[in-house]
Amino acid sequence: MQRRVVVTGLGLVSAVGNTAPEVWNNLLAGRSGIDTITGFDTTGFSVTFAAEVKNFDPLQFIDRKEARKMGRFIHLALAATHEAIGSSGLKITPENEERVGVFIGSGIGGFDIIEREHSNYLQGGPRKISPFFIPAAIINLAAGQVSIRYGAKGPNEATATACTTSAHSIGDAYRIIERGDADVMIAGGSEAAITPMGVGGFAAMRALSTRNDDPAHACRPFDHDRDGFVVGEGAGILILEELEHAQARGAKLLAEIIGYGMSADAHHITGMPDDGNGCVRAMRNALRSARLEPHQVDYVNAHATSTPLGDVVESKALQALFGEHATSGKLKVSSTKSMTGHLLGGAGGLEAGITILALVNQTAPPTINLDSPDPECVLNYVPNQPQKGPMHIALSNSFGFGGTNGSLIFRRWE
């Protein structure tokens, strides 16, 4: 018999807030976190804005000496984990430490550290490279630092599947508990790629919006006038727990994770096939694992990043799978990236948390800047204002470069 897995805590850090309540309140208010870049000089850059985390002080969670040994993506992961563990009431003790694991990924990892240490090398040679360069930058050190800090001695893993990283981390952590290899998993992802090379690289691909004169309205999922995505940063961490373990310690149950699906496009390094077949298969696989029919899903937090092709493909995929349930407007679909930007490897963690909050609060957050819907996008995208209504089942989508897809399904705990 498969073990049931529930969510007992969550922590969110993003451009619209540094805690889950702050993120949720700003999303409902339709506040964009996208603005002119402050972290580096953008002179000469074709794109000068992003979705930066604001008023963030890692020294609230880490002492100064340790903070210097970590990249920003690790700082963000530790902050989100601090909130997630606190909200769950989880205590890691010698009695349970071997049954608590960590699965936190990142799409890129310590870009800031790589750039800094490369500059040190160019200026002073190899002797100027920090001895902490590698552990500050490599992707698995977010999971590693969380494990060390909290004494979690169960499974410890990290994945890097581009923009699907967090969804895969949460889904695989769910499977770890389901099959009995752990009772609790600290799972999600973190990203901090708002750096000269990060922004410059995506701009060179012509993947980014170039609305430098109007950053707050630059990210426009499903809108006719969208022109690219906006780089965001942040982290999203969930505490996943075996149901009976959570109930035995009196934990507050936020939601149950009941489905996880994956697929590959096998098509192109950055683009999806026009028919969205890979997206459809990931969602269908999630529904199959949850033993659900499409009409039972009430809300979808879409991957939609505001790119001309991607939003149409995902919309067509949703229409193909959900049929009249979607085209009638009964299925609520929103892209909160319109406010948070695209967190790349951290997106699925943040958006899984938002999806759970939508179920808890029985409210679908809006897609802002949706003023002139694309004629090819014909669903209910919760335009500009939140929509209240009964929601029992919700799905969160993540699709990444290389054609890697992941879908998570949550059920409201009642």
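The rules behind each value
Residues numbered from 1 in each chain as written. Predicted model: local features only at pLDDT ≥ 70, side-chain atom pairs only at ≥ 80, totals over all residues. Heavy atoms only, no water. Helix = DSSP H or I, 4+ residues; strand = E, 2+ residues; numbered from the N terminus. Rg over C-alpha atoms; globule rule 2.2 N^0.38 Å. Buried < 20%, exposed > 50% of the residue type's maximum accessible area, 1.4 Å probe, protein only. Contact = heavy atoms within 4.5 Å. Areas by Shrake-Rupley, 256 points an atom, 1.4 Å probe, with all protein chains shown as cover. Patch = residues over 30% accessible without salt bridge, like charges linked within 9 Å, V, L, I, M, F, W, Y side chains within 5 Å. Salt bridge = Lys/Arg side-chain N within 4 Å of Asp/Glu carboxyl O. Arc of directions from axis to C-beta. Pairing = 2+ DSSP bridges. Axes fitted to C-alpha atoms, helices over the stretch in contact; angles between N-to-C directions. Phe/Tyr/Trp six-rings, centres within 6.5 Å; stacked < 30°, edge-to-face > 60°. Parallel < 35°, antiparallel > 145°, perpendicular 65-115°, else oblique. Left-handed = near helix turned anticlockwise from the far one by under 90°. Nonpolar A, V, L, I, M, F, W, Y, C, P; charged D, E, K, R; others polar.

Q: Give a detailed account of the overall build of the protein, specifying residues and quantitative values.
A: Looking only at helices and strands, the protein has 14 helices and 14 strands in total. Its C-alpha atoms give the protein a radius of gyration of 20 Å, near enough to 22 Å, the size a compact globule of 414 residues would have. With the C-alpha coordinates of the protein rotated into their principal frame, the extents come out at 65 × 55 × 40 Å. Out of the 414 residues belonging to the protein, those deemed buried represent 60%. For the protein, contacts bridging at least 24 residues in sequence account for 79% of all contacts bridging at least 6. Carbon and sulfur atoms provide 51% of the accessible area of the protein, an area that totals close to 15800 Å².

Q: Provide a residue-level description of a nonpolar patch on the surface, including the pertinent values.
A: Together, Tyr 121, Leu 122 and Ile 129 give the surface a local cluster of nonpolar side chains, amounting to about 290 Å² of exposed area. Relative to the helices and strands, Leu 122 resides in helix α4 (residues 111-124). Looking at Leu 122, the relative accessible area reads 60%, which means it is exposed.

Q: Describe helix α8 (residues 196-204), and please don't skip the residues or the numbers.
A: Among the residues of α8, those classed as buried are Gly 198, Val 199, Phe 202 and Ala 203. Seen along its axis, α8 keeps its buried residues to an arc of 125°; they face one direction. With respect to the buried face of α8, the exposed residues turned more than 90 degrees away are Met 197 and Ala 204. Of the surrounding secondary structure, the elements contacted by the buried residues of α8 are α4. Arg 206 sits one or two positions beyond α8 and adopts a positive phi of about 60°.

Q: Describe the pairing of strand β1 (residues 5-13), with residues and values.
A: Buried residues dominate β1, accounting for 9 of its 9 residues. Relative to strand β8 (residues 255-264), β1 is paired through 3 bridges, and the arrangement is antiparallel. When the bridges of β8 are listed, Val 5 appears paired with Ile 257.

Q: Tell me what's going on with the sheet that holds β1, and back it up with residues and numbers.
A: Spatial strand order, β5-β4-β6-β7-β1-β8-β14-β13-β9-β10: 10 strands in an open sheet with mixed pairing. Because the sheet does not close on itself, it has two edges, and the strands there are β5 (156-157) and β10 (332-334). As judged from the 3 bridges shared by strand β9 (residues 299-301) and β10, these two strands associate in the parallel manner. By the bridge assignment, Tyr 299 is partnered in β10 with Lys 332. Together, β1, β4 (100-105), β6 (184-191) and β7 (234-242) form the strand contacts of helix α3 (residues 72-88), whose direction differs from that of β1 by roughly 135°. The strands touched by helix α10 (residues 277-290) within the sheet are β8, β13 (393-400) and β14 (404-412), with β8 carrying the most contacts at an inclination of about 145°.

Q: Lay out the environment of Asn 26 in plain terms, naming residues and giving numbers.
A: Position of Asn 26 relative to the elements: it lies in helix α1 (residues 20-28). Judged by its relative accessible area of 15%, Asn 26 falls in the buried class. Taking the C-alpha atoms as reference, Asn 26 lies 29 Å from Ile 139; in sequence the two are 113 residues apart.

Q: Can you break down the packing of aromatic side chains residue by residue, with the values?
A: One pass over the structure, following the stated rule, counts 5 aromatic pairs. Summarising the aromatic geometry, the rings of Phe 40 and Phe 45 are spaced 5.4 Å apart at their centres and angled 55° between planes, so their arrangement reads as tilted. Phe 40 gets classed as buried once you look at its relative accessible area, which sits at 14%. Residue classification places Phe 45 among the partly exposed residues on the basis of a relative accessible area of 26%. For the pair Phe 56 and Phe 61, a centre-to-centre distance of 6.2 Å together with 20° between the ring planes defines the contact as stacked. You can call Phe 61 partly exposed: its relative accessible area is 23%.

Q: Account for the pattern of salt bridges, with residues named and values stated.
A: Counted according to the given criterion, the structure contains 19 salt bridges. Between Glu 97 and Lys 153 there is a salt bridge, with the nearest N and O atoms lying 3.3 Å from each other. A residue pair is termed long-range when its members are at least 10 positions apart, and Glu 97 in the loop between α3 and β4 and Lys 153 in the loop between α6 (141-150) and β5 qualify at 56 residues. Close ionic contact of Arg 226 with Asp 374 constitutes a salt bridge, the shortest N to O distance being 3.0 Å. Note that Arg 226 is positioned in the loop between α8 and β7 and Asp 374 in the loop between β11 (363-364) and β12 (387-388), a separation of 148 residues in sequence. By relative accessible area, which is 10% here, Asp 374 ends up buried. A cluster of three or more residues bridged by salt bridges with shared partners is formed by Arg 3, Arg 99 and Asp 183.

Q: Could you give an account of the packing of α3 against α6, with specific residues and numbers?
A: Running from amino to carboxyl end, α3 crosses α6 at an angle of 45°, the nearest separation of the two axes being 9 Å. Judged by the inter-axis angle, α3 sits oblique to α6. When you trace α3 past α6, the crossing you get is right-handed. Between α3, through Phe 73, Ile 74, Ala 77, Leu 78, Thr 81, His 82 and Ile 85, and α6, the contact on the second element is made entirely by Leu 141, Ala 142, Gln 145, Val 146, Arg 149 and Tyr 150. Of the residues in the contact of α3 with α6, the class split is 9 nonpolar, 3 polar and 1 charged.

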